[in-house]
Every structure is written in structure tokens, then in C-alpha cells.
Amino acid sequence: MSERIYIFDTTLRDGEQVQGCQLNSVEKVQVAKALEELGVDIIEAGFPISSPEDFKSVVSISQAVTEPVICALARAIPEDIDAAAESLKYAKRKRIQTGIGTSDFHIKYKFCSNREEILERAVKATRYARNLFDEVQFYCEDAGRTDNEYLARVIEAVIKAGATVINIPDTTGFCLPSEFGNKIRYLKEHVDGIDNVILSVHCHNDHGLATANTLQGMMYGARQADVTVNGIGERAGNTALEEIAMILKGRNELGFTTGIDTTRIYHTSRMVSSLMNMPVQPNKAIVGRNAFSHSSGIHQDGIIKMRETYEVIDPKDIGLGENSITLTARSGHAALKYRLAALNIELTKEELDLAYSKFLRLADVKMDITDDDILQICGINPVNINPIQLVFLRVVSGTGVQTRAHVRLSVHGKCRSAISLGNGPVDAAIKCVKIILGQKMMIRAFFIQAMDKGCDDIGKVHIQVEYDGNQYYGFAADTDIVKATVLAFINAANRFIE
Ligand code: KIV
Ligand code: ZN
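Structural notes, computed from the coordinates. Owing to the predicted nature of the structure, the values given are computational and were not obtained by experimental measurement.

Turning our eyes to something else, we now look at the coordination of the zinc ion (ligand 2). Only Asp14 (OD), His202 (NE2) and His204 (NE2) from the protein coordinate the zinc ion (ligand 2), and they sit 2.0 to 2.1 Å from it. On the primary sequence, the residues serving as donors to the zinc ion (ligand 2) are separated as D-x187-H-x1-H. A residue pair is termed long-range when its members are at least 10 positions apart, and Asp14 in helix 1 (residues 11-15) and His202 in strand 8 (residues 198-203) qualify at 188 residues. Neither residue differs from the other here; Asp14 and His202 are each classed as buried.

In C-alpha cells form, the structure reads like this:
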């Protein structure tokens, strides 16, 4: 029998407090609903005392989301706890998370206090909170660097005062997995009443150990994991929800389950990334663009023969259609044939040999071979596949001139042009595309990546376009960054233009 791990998602609190990731309350509700569909058990919706906007968001999320428990953060201060209670008044199921720093660093330098005084404040706040809430989660900030004996005393006291969940944060991402696991074991062995509460772990990723520490915590008795989507959070971030969910799903021998519908992971990751304007690093485990992309010939050959040769996670399990074979100069015949099959193209052996030699010539000068390139190699007009093609692009910009772009597209085989001024070359060119297509499209995320160093380098553009309430991803690469942006935009538009 597997044991249930509760997933406490703090994307909207610890994640959202990251500079540049702020969301308005409408966007927060959108994320909260996605988290509900994903199956998280608890949503930490915000820190209500911190700002009127945060307060409002907790109220709106409490009204919009019914399945998960809604939690609000409060310091160990009555005013914070009152604000949390007020903001959660509409929540069907609610919880407060209150707490205080317990490491000597925090006690001495942050609070200019001593251990006894802090213990007293912890108990008072817990009692106060327990009068207003049935579920009180108490956090010992910087527990990772807190002396275990003192930590155990604080926890025992707050359990007696009514705490129902005890959260052990490695706030600074300091602990090694063995240390963190031993800390949880120590608490399990030395705190009276610990078996009557849920023990939670909240790990930061400063040493890249957040997921390892969270797992180690579970091995020694934690039954709640504090996580964020894409691992966003203070500094190097928090434990990534998708990593914990997929490890627990894939490694049955650990004996844990979650309520996460993993097939919603990719969608939720894209949504959070785009709303927060926080690109996911391409090689990020589980949700990075390259997480299921195979580029070496040997790997591609293996994957085509049997997916498990180089993939331990089935991309379908996170909601992705299939693994992606990236065609490069290192790809073999089998990879090209595989891609052709995906495009419904069947070639004889001779035709395939010819296509392969053309492909190798192109791959020598072009990093990413697109489906259009493949079609062209096979003598098929790509218009049949992608309705929108870039025919012509000219941009005039510089000091003392107003930026102006002229774009010509082929749309379903018909040429259409537009000219526009803009706030720079990218803006002017994208405006032209929007004029031609005549559709209401918003760029939600825009990410430029240099392949290498040097100003003659190929730039990769990732773009997220919102159209009719849905998000579409576009990608292109070119030495001309304006052209790459237009192509990426068109790439996204080709996914929804009929
Ligand atoms: O990292 C931390 O200590 C926290 C607590 C508020 C749980 O985010
Ligand atoms: Zn934190």
C-alpha cells in the first residue's frame, strides 16, 4: 500500500514573490484553477497582510476554487493572522500558515531576541491562530540551520498549542540530503505528539538540492511537500512540483502517491511560465523544451527502436504528444524516416537516400531542420502544411529615423503585405504580421537565446502567443533576430490559423 503525499503548492506565494513574476488577481485565479485541475491538495494563495492586492487575490481564489484547501501566510503576529482569517472567509476549506525564524541567525540578527522569547512568540501565535482556524500550519523559518534540539522544543510546544501541520523549511537551501533527512528523523524521534500532525518539508534550491532534500524528508516521515510549478521561487527557487510528482509516479518502490494528474503538468508549466514571464530553462527536468528532445544520431536511433532506451519518462504522462527528434547533421537515416512518417510522407529506398543526402547538405548550414525544410527536400510545397509563410521582410531602423517594417506573407498561397511603424524593429515587424492576419493575438512570452557567443551567432526565439483564450508556442532560429522573431510568431500562428 502506497502512502499519500500531500502536495502543498506555493507558486502563488513563494513563487510569485520573485521579482518580475507578479500577477494580478485575475491571473492568480487562472493559475489557481489550473492548480486545482492539476490536483494539488493545498494552494498557498498569498500573504494577505503584505498588500491590498495580495489580500484581494486570496479572497478571489477562495471564491473561485473549491477542491483544494486554500492557505494564507501570516507572520507570528496577531494583525497578520487576522488579515489571513479575513481574506479566507469565503474559502470552502482553509488553512493558515504562520511561523517564525528559529535559527540563531534569525533569532539574533533578524529579531534581536533570544530562543526563549521566540519560543513564547511561536506558542502565542499558534494559540491565536487556532482560535480562528481548524488547520494551523506552523513553519520554523530557516529550520535547515536551526539546532535540532531547540527545533524539537519549539515544535513540541506549538503542537501542544494547537498546530496541525508542522512545516520544516530549508529556507536557505543549505542542507545536504543526509542532513535534512536526519533532521526529520530526529524530530520524528524526539518530539512528543509529532505523529498526530502532518510533517511538511519546504526546500529551497540554492545548491540544486531542493528535490533531493524533499525526497529525503519523505523517506524519514514527511507527508507533505511544499513545491512550486517550474521550481520558481526566491533566488534559485523551490522544489519543483513536476519533479516530485514524476519521481513518485515513476518510482513505485518508494511507496508514495500523490493526487496529481500528471498529464496536466506540461500545460500548467507553460501557463505559469507565460503568465509570470518566466521562461523555463531549456534543459529543465520534466518541463524544459529539451527534456524529451533527442539530437544525437545514436540516441535518435535508439528512441525510434524503443522509446525506453533513452527515455525514463513517457512524455504522454506529462501531457506531451510524443518525444521530439531534433534533426541535425548528426541524425541518421532512421531519424529522417521517422520524421517523414510523422508528416505522412512515404518514400522508396532510393527517394529516401536522395532526401537524406539533401538533408545532410542543409543540416551542415542550418542548425534546426524544420518540417518545412523536410517538405521542401522532398519536393512538396510546404504551403500544404503551414498556411502562413514569410515571403519578404524589410526593416528600416536606426538613430534619427522612425522604425518602419514591410512584411509580405503567403497565406494559404495568396500574397499579402503590410507596412507599419513601430517601437523598434521587432515591434514594427510583428505589427505588420498582425495587420495581415487580422487576428487579435497577444505575445505573452518572448525569449531570445544566443546559440553561442559572438554577434554573428544564430539567435533562437521562443514566443508564446495568446489567441482566443489559448496559448500557442512558436519557435524559430536565424542569424537575423528580427527575422527569427517574425518566423517564431508565424510558427505560433500556424498552430491556430485555419
Ligand atoms: O522558505 C521559507 O522559510 C518559507 C516559509 C514562509 C515557509 O517560505
Ligand atoms: Zn520558502
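Before going further, it helps to spend a moment on the sheet that holds strand 5 (residues 94-101). In spatial order, the strands read 2-3-4-5-6-7-8-9; together these eight strands close into a barrel with parallel pairing. Each strand of the sheet is rotated relative to its neighbour by a mean of 25 degrees, with strand direction disregarded. Where strand 4 (residues 69-75) meets strand 5, six bridges bridge the pair, whose relative direction is parallel. Within the sheet, the bridge partner assigned to Ala72 lies in strand 5 and is Ile96.

This part covers the packing of helix 6 (residues 115-132) against helix 7 (residues 148-160). It is the contact of helix 6 with helix 7, at a shortest axis distance of 9 Å, that shows an interaxial angle of 25 degrees. Here helix 6 lies roughly parallel to helix 7, going by the angle between them. Viewed along their axes, helix 6 and helix 7 form a crossing whose handedness is right-handed. From helix 6, Arg115, Glu116, Ile118, Leu119, Ala122, Val123 and Thr126 reach across to helix 7, where they touch Tyr150, Arg153, Val154, Ala157 and Val158. Partitioned by chemical class, the residues of the contact of helix 6 with helix 7 number eight nonpolar, one polar and three charged.

Ile7, Phe138, Ile155, Ile166, Ile168 and Leu241 are the most contacted members of the largest nonpolar core, which has 88 residues in total. Among the elements that line this core, the one with the most residues is helix 7, at eight residues. Core analysis: the next-biggest nonpolar cluster, separate from the first, contains 30 residues, Ile430, Cys432, Ala476 and Ile497 among them.

Glancing now at the side chain of Arg339. Secondary-structure assignment places Arg339 in helix 13 (residues 333-342). In contact with Arg339, other than residues within four places in its own chain, are Ile325, Leu327, Ile369, Thr370, Asp371 and Ile374.

Scanning the model with the defined rule gives three aromatic pairs in all. On the basis of an interplanar angle of 15 degrees and a centroid distance of 4.1 Å, the ring pair of Tyr467 and Phe496 is categorised as stacked. Separated by 29 residues along the polypeptide, Tyr467 in strand 17 (residues 459-467) and Phe496 in the segment after helix 17 (481-493) bring together distant segments of the chain. In this structure, Arg408 packs its charged tip against the face of Phe392, placed 5.1 Å from the ring centre.

Relative to the elements of secondary structure, Ile77 occurs in the loop between strand 4 and helix 4 (78-87). On the basis of relative accessible area, Ile77 is assigned to the partly exposed category, the value being 25%. Note: C-alpha distance between Ile77 and Val29 (48 residues apart in sequence) is 27 Å.

Here the focus is a nonpolar patch on the surface. A cluster of nonpolar side chains, namely Ile443, Phe446, Ile448 and Ile481, defines an oily patch on the protein surface of about 300 Å² accessible area. Among the elements that make up the nonpolar patch, the one with the highest residue count is strand 16 (residues 441-450) (three residues). Assignment of secondary structure puts Phe446 in strand 16. When its relative accessible area of 37% is taken as the criterion, Phe446 is described as partly exposed.

Take the site of ligand 1 next. Taken together, Arg13, Asp14, Leu73, Gln97, Tyr139, Glu141, Asn167, Pro169, Thr171, His202 and His204 are the residues near ligand 1. A distance of 3.1 Å separates an oxygen atom of ligand 1 from a polar atom in the side chain of Asp14. In the complex, 94% of the free accessible area of ligand 1, which totals 260 Å², lies under the protein chains. Put simply, ligand 1 lies in the second largest pocket. For the shell around ligand 1, the secondary-structure elements that each account for two or more residues are helix 1, strand 6 (136-141) and strand 7 (165-170).

With that settled, consider the state of the cysteines. What the rule picks out here adds up to zero disulfides. You can see Cys415 has no disulfide; the closest cysteine sulfur is in Cys432, sitting 14 Å from it. The exposure class assigned to Cys415 is exposed, which follows from its relative accessible area of 52%.

Turning our attention to the pairing of strand 8. For a regular strand, side chains alternate in direction, first toward one face of the sheet and then toward the other. The buried fraction of strand 8 amounts to five of the six residues, a majority that puts the element mostly inside the structure. Relative to strand 8, strand 7 runs parallel, the two being bridged by six bridges. When the sheet's bridge partners are listed, Pro169 is paired in strand 8 with His202. Two strands pair when backbone bridges link them, and strand 8 and strand 9 (residues 224-227) are joined in this way by three bridges, in the parallel orientation. Within strand 9, the residue paired with Ser200 across the bridge is Gln224. Between the parallel elements strand 8 and strand 9, the chain passes through helix 9 (residues 210-219) in a crossover that is right-handed.

Conventions and cut-offs
Residues numbered from 1 in each chain as written. Chains lettered and ligands numbered in written order. Predicted model: local features only at pLDDT ≥ 70, side-chain atom pairs only at ≥ 80, totals over all residues. Heavy atoms only, no water. Donors = N, O, S within 2.8 Å, 3.2 Å for Na, K, Ca; no water. Helix = DSSP H or I, 4+ residues; strand = E, 2+ residues; numbered from the N terminus. Buried < 20%, exposed > 50% of the residue type's maximum accessible area, 1.4 Å probe, protein only. Pairing = 2+ DSSP bridges. Axes fitted to C-alpha atoms, helices over the stretch in contact; angles between N-to-C directions. Parallel < 35°, antiparallel > 145°, perpendicular 65-115°, else oblique. Left-handed = near helix turned anticlockwise from the far one by under 90°. Contact = heavy atoms within 4.5 Å. Nonpolar A, V, L, I, M, F, W, Y, C, P; charged D, E, K, R; others polar. Core = buried A, V, L, I, M, F, W, Y, C linked by side-chain atoms within 4.5 Å. Phe/Tyr/Trp six-rings, centres within 6.5 Å; stacked < 30°, edge-to-face > 60°. Lys NZ or Arg CZ within 6 Å of the ring centre and 35° of its normal. Patch = residues over 30% accessible without salt bridge, like charges linked within 9 Å, V, L, I, M, F, W, Y side chains within 5 Å. Areas by Shrake-Rupley, 256 points an atom, 1.4 Å probe, with all protein chains shown as cover. Salt bridge = Lys/Arg side-chain N within 4 Å of Asp/Glu carboxyl O. Near = heavy atom within 4 Å. Polar contact = N/O pair within 3.5 Å; in protein donor to acceptor, adjacent residues only side chain to side chain. 1 Å grid on protein atoms, 1.4 Å probe; cavity = no way out; pocket = protein on both sides within 12 Å on 5 of 7 lines; lining within 4 Å. Sits in = over half its atoms within 2 Å of the grid points. Disulfide = S-S within 2.5 Å. Right-handed = clockwise from strand over helix to strand, strands pointing away.

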